[in-house]
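Listed here are the chains, written in short residue letters.
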Amino acid sequence: RELVELRDVADAAARAIEPLLAERGLRLARVHAADLPALAVDPTRLRQVLWNLLDNAAKASPDGAAIELVTRRDGAGLAIDVIDHGAGIAAADLPRIFEPFFTTRPDGTGLGLAICQKLVRGHGGELVVRSAPAAGSTFSVVLPAA
């Protein structure tokens, strides 16, 4: 683990996926809260989580849509939100999305979110989802402050 700025980790993940988003005609809006404290995390693993969440958001988004990447305070901790305005997740599927091998995509393995959740929990955090059909989804990586 290293002491890093949440903004820097989020921006590194964004730079890595922006060419892929551009190919799909998607925009990425970044919003960073000011004066967030540094966190002790494994930046490689956290970037992996964010890349996967951003890729999922891109796959759920219609052409030309915007995806948001937000860093913010969350109570005593910090959070990174990945927000899409796509189809959303069906209420019946929400309880299962973190189960290994559960997928609703024909090309999916069902491992991405399960791995993301494991990595976030390994940092003492939680991966939280809010979604509504036809309104999109927000995946929040909530981490304890250092």
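Residues numbered from 1 in each chain as written. Predicted model: local features only at pLDDT ≥ 70, side-chain atom pairs only at ≥ 80, totals over all residues. Heavy atoms only, no water.

Draft legend 1. Spotlight on the sheet that holds strand β5 (residues 77-84). Within the open sheet, the five strands sit side by side as β2-β4-β5-β7-β6. Their pairing is mixed. Two strands close off the open sheet at either side, each with one partner strand: β2 (27-32) and β6 (126-132). For this sheet, the mean inter-axis angle between neighbouring strands, taken without regard to orientation, is 15 degrees. The pairing of strand β4 (residues 66-74) with β5 spans seven bridges and is classified as antiparallel. Each bridged residue has a counterpart across the sheet, and for aspartate 74 the counterpart in β5 is glycine 77. Where helix α1 (residues 6-23) meets the sheet, it contacts β2, β4, β5 and β7 (136-144), and its direction lies at approximately 175 degrees from that of β2. (Pairing = 2+ DSSP bridges. Helix = DSSP H or I, 4+ residues; strand = E, 2+ residues; numbered from the N terminus. Axes fitted to C-alpha atoms, helices over the stretch in contact; angles between N-to-C directions. Contact = heavy atoms within 4.5 Å.)

Draft legend 2. The arrangement of the pattern of salt bridges in detail. Under the criterion given, the structure shown has 10 salt bridges. Put simply, arginine 30 and glutamate 18 hold a salt bridge, and the shortest N to O gap is 3.0 Å. Of this pair, arginine 30 sits in strand β2 while glutamate 18 sits in helix α1; the two residues are 12 residues apart in sequence, bridging distant segments of the chain. The exposure class of arginine 30 is partly exposed, given its relative accessible area of 32%. (Salt bridge = Lys/Arg side-chain N within 4 Å of Asp/Glu carboxyl O. Buried < 20%, exposed > 50% of the residue type's maximum accessible area, 1.4 Å probe, protein only.)

Draft legend 3. Layout of the pairing of β6. Examined bridge by bridge, β6 and β7 share seven bridges and lie antiparallel to one another. Bridging across to β7, valine 128 finds its partner in serine 140.

Shape descriptors only; they carry no functional weight alone.
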